[in-house]
Structures are given as C-alpha cells and as structure tokens.
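# Overview (structure and organization)
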Amino acid sequence: METNCNSGGIMWFFRDRGFDSKSIHEMLKKCKRLEDVQTDKASENWDYLKSIGIQERKLPAVVGKCPKILTLDLHEKLVPMVECLTTLGTKPREVASAITKFPHILFHSVEEKLCPLLAFFEALGAPEKQVGKMILLNPRIISYSIETKLSKIVDFLASLGLSKDGTIGKVLVKHPFIIGYSVEKRLRPTLDFLKSLGLTEIHLQNLALNFPEVLCRDANKILSPNVAYLRTCGFESRQVAALVAGYPPILIKSTSNSIGPRIKFLEQVMGRRIDEAADYPDFFKHGLKKRLELRQRLLKQKNVTCSLSEMLDCNQKKFLLKFGFVEQLA
C-alpha cells in the first residue's frame, strides 16, 4: 500500500514539472527505485541541481536521461561530488554543463573513482588544472576503467613514440575525446591508413601532439575520400603525403567548403600551380577571405611576385611592412 502511495506521489511530482505519462513510465522502467523515493527527497535533489546552475528548462532532460539522480542521498552523494567537481573548474557554469552532458558523473565515488582518475592523468604529466578542465569538458571519462580503457589509449600513444611522463598527458588534455574511441576499431585502423600514405614516425608524433582529432576520424568514411579528392585535383601520392605531414587537418576538412575553394583560388585567381601548395601545406589553414583574398589583392596592386610562405608566414603588420604598404618606422 505504501509503495503504491509513493508511486502515485512521484507521478504527481513529475507531472507538476511538465513530464508526460510516457516519459514518466520510461523513467520508472529505467529506475525501479523511483517508485519508493519520497517526493520530498526528489524535490530536494531537484532544487539542489537547479541551485548549482543547471537551467530549469534543461532539468527534465537531465532527469529523463538519468532518473536515478533523484534517488541519491543529497548530503552523502550529490553534494560531495559537486563540491569536488567545483574545485576542478575555473568558470562558474562548467560543473553544471558537465552534469547536464553526463549526469551519471554524480553516481561515482570521489574517493574510489575521481581521485584515482586525477592521479592517473597527473602521472602522465598533465597539469592538475588541465586535468580538471578535461574531465569537465568530457565528463564521460569518469565512467572509464583505468585498467581496461584508459591504459590502452596510453599504450597506443606510447607506441607512436610519445613519452608517458609528459607528452601523452598533453595529447589527452588537448583532445580528451580521444579517450572515448576504441584502439582496435578506430585509432589503430586510422594510424595504419596514415602510415600507408607514407607518414613517418616523426610525422605521426607531430600529428598526435598537435592534431589528435585526426586520429579519431574514420579512415574509410572521412580520410580516404579526402585523399581521393586531393588526387583528383592533381596532387601526386608523394605530394599528398607532404600535405598531410605538413597540415594533417587537410584530411578532415570539407572538400566542398574548405579545400576545393582554396585550390580554385590558388589556380584561377593567384595563377599558381598546385605544386606550390604541396611545398607549403599551411596554405590550407589560412582564411580564404580574411587572409588569402586580401593579401593577393594587395600584392597584385604592387605587381609583387613572392612564394606562398613569404606571402602568408607573417602577421598582417609584418606583411604590410615587408611589402612596403606602410612606411617602415625608423
């Protein structure tokens, strides 16, 4: 009888907060303990989540994703974890944002899960503040096992020749989402594809350090089509390798919105050969309108001829001084 009363009470609790019957039944299926939770306890947890900065309009989605959150002990579970997460952040809304993205983070123990995780990353040379930022950016990290998941990622990066006492920590901080990918299903096949293009160990280390997001992309669906596109544009295999080694994001840029328009501008407006871009891969990182079109127009006015690197490897002030667009100060 008491269970039925509680169940009826929680139904009204959810209805008062805008949940429809279907959503309520879905949550009760996800979390059987909801039927026994007192509405006062659920209200207390709901209000607490709102008080730490989770927007009221987003709370139904957070609770719908993870209804168990309303059954947790406020002072023994929720408050300690939130307070610990707050010490990791530097901006007011970071903790609320992390919980909104992955509310399951609140289930984990500070002592048994979060502290060992922080120690694991710090041992890899990641600064404490950066580790906190990394976990709040990708809170799902806290659900991964150090032994069966995180260590495999570390060993994979170490196989590229990266150091476990500093360098790998920097990679993980730079792109924490790499931790979520499978070594065997995604990272290694992508690595093998990059090797097949002719990238050396040094190239691969540079890519992992500066553009780890490239390692996370699907070789068959993303990287291979971009390589095929570059070849249709006239780049030879050795030039494709040079482009990827010099500017790895060329493998994940849009061919229609980024690479194609730049090649068209290079050939049709600048009157240059694609060989020049192969010799200067950073050509593809410069903004088309803010950098390429503007500088090309200025150089054309003075009838100046120069290499792509001379044209682009400097900030605007140095560019103007270098080519005499402003008088150099004594």
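Residues numbered from 1 in each chain as written. Predicted model: local features only at pLDDT ≥ 70, side-chain atom pairs only at ≥ 80, totals over all residues. Heavy atoms only, no water.

As named in an unreviewed UniProt entry, the protein chain is Mitochondrial transcription termination factor family protein, taken from Abeliophyllum distichum.

### As for the overall build of the protein chain
When you go through the protein chain residue by residue, the secondary structure sums to 20 helices and 0 strands. Over its C-alpha trace the protein chain gives a radius of gyration of 27 Å, far above what one expects of a compact globule, namely 20 Å for 330 residues. In terms of its C-alpha atoms, the protein chain occupies a principal-axis envelope of roughly 90 × 45 × 40 Å. Per-residue burial for the protein chain yields a buried fraction of 45% across its 330 residues. (Helix = DSSP H or I, 4+ residues; strand = E, 2+ residues; numbered from the N terminus. Rg over C-alpha atoms; globule rule 2.2 N^0.38 Å. Buried < 20%, exposed > 50% of the residue type's maximum accessible area, 1.4 Å probe, protein only.)

### Here's the deal with the environment of Glu 26
Its location among the elements puts Glu 26 in helix 2 (residues 21-30). It is 35 Å that separates the C-alpha atoms of Glu 26 and Lys 221, two residues lying 195 residues apart in sequence.

### Quick notes on the packing of helix 14 (residues 219-232) against helix 16 (residues 255-269)
At a minimum axis distance of 12 Å, the contact between helix 14 and helix 16 shows a crossing angle of 25 degrees. Comparing their axes, helix 16 and helix 14 come out roughly parallel. In terms of crossing hand, the pair formed by helix 14 and helix 16 is right-handed. Between helix 14, through Asn 226, Tyr 229 and Leu 230, and helix 16, the contact on the second element is made entirely by Thr 255, Ile 259, Gly 260 and Ile 263. Residues that form the contact of helix 14 with helix 16 fall into these classes: 4 nonpolar, 3 polar and no charged. (Axes fitted to C-alpha atoms, helices over the stretch in contact; angles between N-to-C directions. Parallel < 35°, antiparallel > 145°, perpendicular 65-115°, else oblique. Left-handed = near helix turned anticlockwise from the far one by under 90°. Contact = heavy atoms within 4.5 Å. Nonpolar A, V, L, I, M, F, W, Y, C, P; charged D, E, K, R; others polar.)

### Observations regarding helix 7 (residues 110-123)
Side chains that are three or four residues apart share a direction in an α-helix, a result of its 3.6 residues per turn. Between the first and last C-alpha of helix 7 there are 18 Å, a value that for 14 residues agrees with the 20 Å anticipated at 1.5 Å per step. Inspection of helix 7 places Val 110, Leu 114, Leu 117, Leu 118, Phe 120 and Phe 121 among the buried residues, and these make up the whole buried set. Angular distribution of buried residues about the axis of helix 7 spans 165 degrees; they occupy a single face of the element. Exposed and oriented more than 90 degrees from the buried face of helix 7 are Glu 111, Glu 112 and Ala 123. (Expected span 1.5 Å × (residues − 1). Arc of directions from axis to C-beta.)

### Here we look at the side chain of Ser 109
Residue placement: Ser 109 occurs in the loop between helix 6 (94-101) and helix 7. Judged by its relative accessible area of 17%, Ser 109 is buried. Apart from residues lying up to four places away in sequence, Ser 109 is in contact with Lys 77, Met 81 and Leu 114.

### Considerations on the environment of Lys 32
Take Lys 32: it is sitting in the loop between helix 2 and helix 3 (39-51). Along the primary structure Lys 32 and Tyr 247 are separated by 215 residues, whereas in three dimensions their C-alpha atoms are 52 Å apart.

### Concerning the side chain of His 175
Along the chain, His 175 turns up in the loop between helix 10 (167-174) and helix 11 (183-196). Judged by relative accessible area, which is 18%, His 175 ranks as buried. Setting aside residues up to four positions removed in sequence, His 175 forms contacts with Pro 212, Glu 213 and Cys 216.

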